Amino acid sequence: MTSPIAANIRSLTFTLALAFLVTSIGAAYWTILASDQLANDPFNPRLIAATSSRPRGAIVDRNGAPLATSEKTDSGFARSYRDRTLAQVVGYASTKYGLSGIEAAYADSLIGQDPADPVSIWKARYFGDRAPAGQVMLGIDLKIQKAAADALGGRKGAIVALDPRTGAILASVSVPSYDPNPVVDPSKQDAAFEQLNHDQNRPLLNRVAQGLYPPGSIFKVITGAAALESGFDATKKLRVDDPYQADKSWGDYFVRSASHAHGLFDMADGFRLSENIYFAQVGLTIGAAKLTEYAKRFGVGATPSLDLPAAKGQVSETGSIDRPTLLADTSYGQGELLVSPLQMALIYATIANGGVMPTAHYATEVRDAEGHVVRSIAPGPIGQVISPGTAKTLSAMLVGAVEGQGGFAFGARIPGVQVAGKTGTAENRPGQAPHGWFVGFAPAENPTVVVAVIVENTPEGGVTAAPLGAQVMRAALGK
Amino acid sequence: MRAEAGVPLGRARFTELSLLVWVAAFAVTGFVAVLATETSSFSPTAAIVPAVFLTLMLALHVFLVGIRFRGDQILMPIAAGLTAIGLILVQRLASDLLLQQLSWSIIAAGAFAATILVPRDLTALARFKWTWALLGVLLLIAPLLPLIGREVNGARIWIKVGPGSIEPWEAVKILLVIFFAAYLEEYREVLSHTQRRIGPFPVPPVPYLVPIVAMWGIAMVVMVFEKDMGATVLFFGIFLAMLFLATGEAFYAILGLTLLILGGFAAYHLFGHVQTRVDTWIRPFDEDLRFDAGFQLVQGLFALANGGLLGAGLGNGMPDRIPVVWSDFVFDAFAEEAGLAGALALLALYLVFLYRGMLIALRAPTPFLQLLAAGLSFIVALQTLVIVGGNLRLIPLTGITLPFVAYGGSSLVTNWMLVGLLLRVSQVSERMRGGGAP
């Protein structure tokens, strides 16, 4: 009973069988290969359900002070958040809207299934026998956090303080903030979430790591580092005459001096008086390739390694500096540069730390229910970005900017402590007041804290920001 | 099998019966497992359901034995097993729909029995091919008519019948296969052998292609208006497969697939709902989609991930977080609780169904019966691949039912009729051989 149709039936069956094989491989992919990643997705309702009937692990500061805890209620356990200045960091664990912040990043640890503890994961998965939740400890120090929150007050902006030796974040303030408690309250969550999502001021955004701003003068350390490491003589005096243009081809385009300067400047003067024209000339001397190379070495335009979401910013719109005016502008921190406060803190931490850039991290430890350390979070340094000599030279010049005669960053002075730092007044869109920056570290000879401050849209720019930086450093140093 | 030739008529269908014992064992354990995890009080309804269902299947078996039916003994138990999985999953995922689904399975069993008895002569189906074509078109247009048509979840594919509503395209898919089989039996010689070629490309004799292309075109146009991509893909697939089966010309299939991709590309730019489907397929985890159009798919993938190798166990997963899980995502739900092992076993059942159906096609005595059996088996395989592929994010998701398993009455009834037709074809072959049942 053969017919030509029989051969066609066989071909069709074979094709369909192949499709079944591909489908089976697809099933294996999702159930086995992609399973770990999906199981830990912050929006996977299984993660949250695992703790709605059991206490979720606490999130605590470096001294054990609670930041987020689970409270017993009539219908199970409810999450309670203690510090609204840490809202974007600690995040929320909502059964409806998923997880954010540390609640998301350490979701597995907070339900007793830390990746460093495979036995618990295995037991929970195959026997439904879950280990009691442990806790996640942050590098945040509530004392420094409070100082930072008080310093910024109601002004929009961000402050981050970190330990340059380890990269542990000591304080992280992003204004405006919000109260996470209504977001996890079933009776209020819809209205609360709706309102937060539509707020023009974007309170859910962690401005420390996700806010992108033009850096302005605080970027000059990168131009300085690039120059020092390419054999530029920092002691050579350059002629500064406001306004400046390299040649006639710039047309009606000029670089302006903040102090309308006329005179001779070396690099120390340039940092102390924040002289744009000096750094524009340095940039034009060393060239776009060198400046771009150092900006990238310091992590500008790349997402910093962090245990929370972070923005990457940019060196320029195209990623390269392709014209002399853009090179001149980028050299003193304008142009098309965009950075986050955390990136700037890391750049200054590199200078504070002998040229070695640390890896930033919010959490420092995961502990089990008995208090034993399950996992210590201490990511090693990212690497040697500049030589120790360059770091030392820059550090000295940054001390000059704070402590020196007429230093622009005088507002950051702390009696009895040598402070290194730099202010910045970053121009943004025409018609808007500039952003005020301060980034610095102390004590300059053996730095234990780096602070980056940004105050959005403040007419005095860096002058506003510097004293806020000092307040935070004082809290960190106990002065 | 040939060794069994000459066995007296009226011999019991032992293969079928022993396979049904496995179905019974599975159905009972499945229901007990689901009930055991539901902490709420023991519901007698849920205990009665497997009993009713198994009695029903046994009745079908006794019926087949009683009329001395000599045909395939594998397909009915597979369909029974799949229906049992469907009932267990409805109990698990949407227990308020359980009695409804059970009622549908009783109607489906009745429809199966009717297909075994009527028509007396299968070739009668071929004689009335234009009647089937007309009926198919009418059924397709019906949901677009104002009084009886009904739109559910954006797709206008339902018609009101008494208290409930049915999806007529489920029946149309069988009518389409019957029509194509009959038409192609008559004209396949013309279509495959007398064609001219331009280079490597065959030029089909246009006049003979007109009726099938027209039939397919009507189906396409109607489906576009009814906004059901799953049915569109299924009809298109049936069209291509039947053309290939009849002519052996892979060119038709390749041309057809090219047209499908081009059509899909055009639809992507023309229709919002197609664009959404494709976008959610490509990037379901993006923030703008994961809480919106991609929510269902993402929740389905979470369910799969929770399944692992052996699954969370029936009743222990959280597949209920997937919206409309009982109709669109039963595969993911089953995979979460039965694991990869269960998912592969489920796919294996469909694969065995496909092989068995195609074997019946290979043994069928006439081209019409060959094309009919192959086309019907193809429907089940393609529907499975399209919905499971959509659930697994291998292809864009389309709202098509997983045969026998997904909740839905029209689907269950027509698929059981499809099994009935396949059994009838195998019966014809057995009669021609004059042998006993395999």
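Small disclaimer: the values here were computed from a predicted structure and weren't measured.

As a further point, take the overall build of chain B. Secondary structure summary: chain B contains 17 helices and five strands in total. By the burial criterion, 52% of the 438 residues in chain B qualify as buried.

From N to C terminus, chain A includes 18 helices and 17 strands. Out of the 479 residues in chain A, the part that is buried amounts to 53%.

Counting residues at the interface gives 40 residues for chain B, matched by 34 residues for chain A. Counting residues per element, the ones that place at least two in the side of chain B that touches chain A are helix 9 (229–247), helix 13 (295–307), helix 15 (330–363) and helix 16 (367–391) of chain B. Ranked by residue count, the leading element in the side of chain B that touches chain A is helix 15 of chain B, at 13 residues. When grouped by side-chain class, the residues that make up the side of chain B that touches chain A number 30 nonpolar, seven polar and three charged.

What follows deals with the environment of B:Asp72. Residue and element names in this part refer to chain B. Within the fold, Asp72 resides in the loop between helix 2 (44–66) and helix 3 (75–93). Classification of Asp72 as buried rests on a count of 26 C-beta atoms within 10 Å. Along the primary structure Asp72 and Thr15 are separated by 57 residues, whereas in three dimensions their C-alpha atoms are 9.5 Å apart.

Here we take up unusual backbone geometry. The step from A:Val175 to A:Pro176 runs through a cis peptide bond, and the omega angle for that step is 5°. Mapped onto the elements, A:Pro176 comes out in the loop between strand 8 (169–175) and helix 9 (189–198). Geometrically, the link from B:Val118 to B:Pro119 is a cis peptide bond, its omega value of -5° lying close to zero. With respect to the helices and strands, the residue B:Pro119 is situated in the loop between helix 4 (98–117) and helix 5 (123–127). If you check the backbone angles, A:Ser274 has positive phi at about 50° while not being a glycine. Locating A:Ser274 in the fold gives a position in the loop between helix 12 (267–272) and helix 13 (276–286). Given 27 C-beta atoms within 10 Å, A:Ser274 falls into the buried group. In the Ramachandran plot, B:Arg68 falls in the positive-phi region, its phi being about 55° despite a non-glycine side chain.

Residues and elements named next belong to chain B. The interhelical angle for the contact between helix 3 and helix 17 (residues 409–433), taken along N-to-C directions, is 165°, at an axis separation of 10 Å. Classified by the angle their axes make, helix 3 and helix 17 are roughly antiparallel. Read as a crossing pair, helix 3 and helix 17 show a hand that is right-handed. On helix 17, the residues that touch Leu75, Met76, Ala79 and Thr83 of helix 3 are Leu412, Trp416, Val419, Leu422 and Leu423. For the contact of helix 3 with helix 17, the class distribution of residues is eight nonpolar, one polar and no charged.

Residues and elements named next belong to chain B. Residues of chain B with pLDDT of at least 70 account for 86%, and the chain-wide mean is 84. Averaged over each element, pLDDT in chain B is lowest for strand 5 (residues 201–203) (65) and highest for helix 16 (96). Among the scores for the predicted complex, ipTM is 0.91 and pTM is 0.68.

Grouped together as the largest cluster of nonpolar side chains are 143 residues, with contacts concentrated most on B:Val177, B:Met242, B:Val330 and B:Leu372. By residue number, the principal contributor to this core is helix 15 of chain B, which donates 18 residues. Apart from the residues lying within four places of it in its own chain, the contact partners of B:Val177 are B:Ile238, B:Met242, B:Leu372, B:Gly375, B:Leu376 and B:Ile379. Counting 136 residues, the second-largest nonpolar core is a separate cluster that includes A:Leu47, A:Leu338, A:Val402 and A:Ala412.

We now examine the sheet that holds strand 17 (residues 449–455) of chain A. Residues and elements named next belong to chain A. With antiparallel pairing, five strands are arranged side by side in an open sheet as 8-7-17-16-15. Two strands close off the open sheet at either side, each with one partner strand: strand 8 and strand 15 (420–426). Going from strand to strand, the sheet's axes swing by 5° on average, the running direction of each strand aside. Examined bridge by bridge, strand 16 (residues 435–442) and strand 17 share seven bridges and lie antiparallel to one another. Bridged to Trp437 within strand 17 is Ile454. The sheet contacts of helix 17 (residues 388–403) involve strand 15 and strand 16, and relative to strand 15 the element is tilted by about 65°.

Residue and element names in this part refer to chain A. One open sheet holds the six strands; their spatial order is 3-2-1-6-12-13, and the pairing between them is mixed. Each edge of the sheet is formed by a strand with only one pairing partner; in this case those strands are strand 3 (76–81) and strand 13 (373–376). One ladder, built from six bridges, connects strand 2 (residues 66–73) with strand 3; its direction is antiparallel. When the bridges of strand 3 are listed, Ser70 appears paired with Arg79.

Relative placement of two packed helices is described by the angle separating their axes and the distance separating the axes. Residues and elements named next belong to chain B. Closest axis-to-axis distance for the helix 9/helix 10 (residues 250–270) pair is 8 Å, and the angle between their directions is 165°. Relative to helix 10, the element helix 9 lies roughly antiparallel. Between helix 9 and helix 10 lies a crossing of right-handed hand. Each of Phe236, Leu240, Leu243, Phe244 and Thr247 in helix 9 lies in contact with helix 10, whose residues at this interface are Ala250, Tyr252, Ala253, Gly256 and Leu260. Here the residues of the contact of helix 9 with helix 10 sort into eight nonpolar, two polar and no charged.

Another point: helix 13 of chain B. Because an α-helix completes one turn every 3.6 residues, residues spaced three or four positions apart along the sequence face the same direction. Residues and elements named next belong to chain B. Its 13 residues place the ends of helix 13 19 Å apart at the C-alpha level, agreeing with the 18 Å of an ideal helix rising 1.5 Å per residue. Among the 13 residues in helix 13, twelve count as buried, and that is most of the element. Among all positions in helix 13, only Gln296, Leu297, Val298, Gln299, Gly300, Leu301, Phe302, Ala303, Leu304, Ala305, Asn306 and Gly307 are buried. Once helix 13 finishes, Gly308 follows within two positions and takes phi at roughly 60°, a positive value.

A regular strand places its side chains on the two faces of the sheet in alternate fashion. All names here are of chain A. Where burial is concerned, most of strand 16 is hidden: eight out of the eight residues are buried. One ladder, built from seven bridges, connects strand 15 with strand 16; its direction is antiparallel. Residue Gly421 lies in a different strand from strand 16, and its bridge partner there is Gly440.

Below, the discussion takes up the environment of A:Asp233. By the secondary structure assignment, A:Asp233 is in the loop between helix 11 (220–229) and strand 9 (238–241). Judged by local crowding, A:Asp233 falls into the exposed class, with 10 C-beta atoms found within 10 Å.

What follows is about helix 13 of chain A. Residues and elements named next belong to chain A. For helix 13, the buried fraction is high: nine of the eleven residues fall into the buried class. Regarding helix 13, the residues found buried are Asn276, Ile277, Tyr278, Phe279, Ala280, Gln281, Val282, Gly283 and Ile286. Those residues of helix 13 hidden inside the fold are in contact with helix 11, strand 9, strand 10 (262–265), helix 12, helix 14 (288–297) and helix 15 (324–331).

Calculation notes
Residues numbered from 1 in each chain as written. Chains lettered and ligands numbered in written order. Predicted model: local features only at pLDDT ≥ 70, side-chain atom pairs only at ≥ 80, totals over all residues. Helix = DSSP H or I, 4+ residues; strand = E, 2+ residues; numbered from the N terminus. Buried ≥ 20, exposed ≤ 12 C-beta atoms within 10 Å, placed from the backbone. Contact = placed C-beta atoms within 7 Å. Nonpolar A, V, L, I, M, F, W, Y, C, P; charged D, E, K, R; others polar. Axes fitted to C-alpha atoms, helices over the stretch in contact; angles between N-to-C directions. Parallel < 35°, antiparallel > 145°, perpendicular 65-115°, else oblique. Left-handed = near helix turned anticlockwise from the far one by under 90°. pLDDT = per-residue confidence, 0-100. Core = buried A, V, L, I, M, F, W, Y, C linked by C-beta atoms within 7 Å. Pairing = 2+ DSSP bridges. Expected span 1.5 Å × (residues − 1).

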